[in-house]
Amino acid sequence: MALLTVSLLIGCAVIPEVETAYDPAITTFKIYRTFNWYPTEVPPPPAEAGSLPYSSLLDLRIREAIASELVKQGLNPTTRDPGLLIAYDIAVDTAQLPVSGFTLPPGFGYGYSHWYGYRFNYGLANLPAIRNINEYPVGTLVIDIIDESTRQLIWRGWSYTDLDLTLSEPRKINRIVANIMSRFPPTPELTR
């Protein structure tokens, strides 16, 4: 019995904290049935970025984990007229990053995505309190969901984790993503 208790406590201790924000004007997220990845804007990477950790395997595993969770919720992937666009970023140690000569869209900071071609330019007007990626603790995974027709961010979920950019631990990635995506779609509070 003691072993079971210890295992449960250890298991609970590794579940990272999740927070979310969403557009309160959307009363139901059930209108969205399809998704695709937000088209990336690929700036030329700075020469210094080559020294930062990047893993195409990590990118693939995060994308697969997000897509899997969305499919479990009944959304279908499509490249033709998706209702939702999906983007993600990981907060990196900004002390390692060269910042001269680069301009970022409002609401964005320096993260994993910026230095490796995944810089997004969607609107944040419906979620004005959203923080820049560089304001999150290092290792935080941020998942953004954008309305395709308006190109506005409608939901953001993030988890303060110790995600290691040099490792591609499938179980850990799947657990982190599932934990974040368990909060999507949100249940808007009904006003009485």
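Above this text sits the structure in question.
Draft legend 1. Fine view of the packing of aromatic side chains. Under the defined criterion, the tally for this structure stands at six aromatic pairs. Note on Phe29 and Tyr32: the rings are 6.3 Å apart at their centroids and 45 degrees apart in plane angle, and the pair reads as tilted. The same class applies to Phe29 and to Tyr32, which are both buried. Their ring planes at 65 degrees and their centres at 5.6 Å tell us that Tyr136 and Trp158 sit as a pair that is edge-to-face. Remark: Trp158 occurs in strand 6 (residues 152-160) and Tyr136 occurs in the loop between helix 3 (112-115) and strand 5 (141-147); sequence separation between them is 22 residues.

Draft legend 2. Quick look at the pairing of strand 4 (residues 84-90). Among the seven residues in strand 4, seven count as buried, and that is most of the element. With burial as the criterion, each face of strand 4 is covered, one bearing Leu84, Ile86, Tyr88 and Ile90 and the other bearing Leu85, Ala87 and Asp89. Summarising the sheet, strand 2 (residues 34-37) and strand 4 pair through three bridges and their orientation is parallel. Bridge pairing in strand 4 places Asn36 opposite Leu85. As paired strands, strand 4 and strand 5 are joined by seven bridges and run antiparallel to one another. Its bridge partner being in strand 5, Leu84 is matched across the sheet by Asp147.

Draft legend 3. Representation of the environment of Asp144 in the model. Along the chain, Asp144 turns up in strand 5. The class for Asp144 is buried, based on a relative accessible area of 3%. It is 5.1 Å that separates the C-alpha atoms of Asp144 and Ala87, two residues lying 57 residues apart in sequence. For Asp144, the residues in contact, after removing those within four places along its chain, are Leu85, Ile86, Ala87, Tyr122, Leu153, Trp155 and Arg156. Here Tyr122 takes part through its side chain, which lies 2.4 Å from a polar atom of the side chain of Asp144. Among the polar contacts made by the side chain of Asp144, one reaches the side chain of Arg156 at a distance of 2.5 Å.

Draft legend 4. Region of interest: the pattern of salt bridges. Applying the stated criterion across every chain, the model contains four salt bridges. The salt bridge involving Arg156 is made with Asp144; its shortest N-O contact spans 2.5 Å. Linking Arg156 in strand 6 with Asp144 in strand 5, this pair joins segments that are 12 residues apart in sequence. A salt bridge links Arg151 to Glu148, with the shortest nitrogen-to-oxygen separation between them at 3.5 Å. According to the relative accessible area criterion, Glu148 is partly exposed, its value standing at 25%.

Draft legend 5. The nonpolar core, seen in detail. Counting 29 residues, the largest nonpolar core has Ile62, Ile66, Leu84, Ile86, Leu141, Ile143 and Met181 as its most contacted members. If you list the elements that add at least two residues to this core, you get strand 2, helix 2 (56-72), strand 4, strand 5, strand 6 and helix 4 (170-181). The element best represented in this core is helix 2, accounting for six residues. Look past the residues within four positions of Met181 in its chain and what remains in contact with it is Glu69, Leu70, Gln73, Ile143, Ile145 and Trp155. With 15 residues, the next largest nonpolar core counts Ala87, Ala91, Leu124 and Leu127 among its residues.

Conventions we followed
Residues numbered from 1 in each chain as written. Predicted model: local features only at pLDDT ≥ 70, side-chain atom pairs only at ≥ 80, totals over all residues. Heavy atoms only, no water. Phe/Tyr/Trp six-rings, centres within 6.5 Å; stacked < 30°, edge-to-face > 60°. Buried < 20%, exposed > 50% of the residue type's maximum accessible area, 1.4 Å probe, protein only. Helix = DSSP H or I, 4+ residues; strand = E, 2+ residues; numbered from the N terminus. Pairing = 2+ DSSP bridges. Contact = heavy atoms within 4.5 Å. Polar contact = N/O pair within 3.5 Å; in protein donor to acceptor, adjacent residues only side chain to side chain. Salt bridge = Lys/Arg side-chain N within 4 Å of Asp/Glu carboxyl O. Core = buried A, V, L, I, M, F, W, Y, C linked by side-chain atoms within 4.5 Å.

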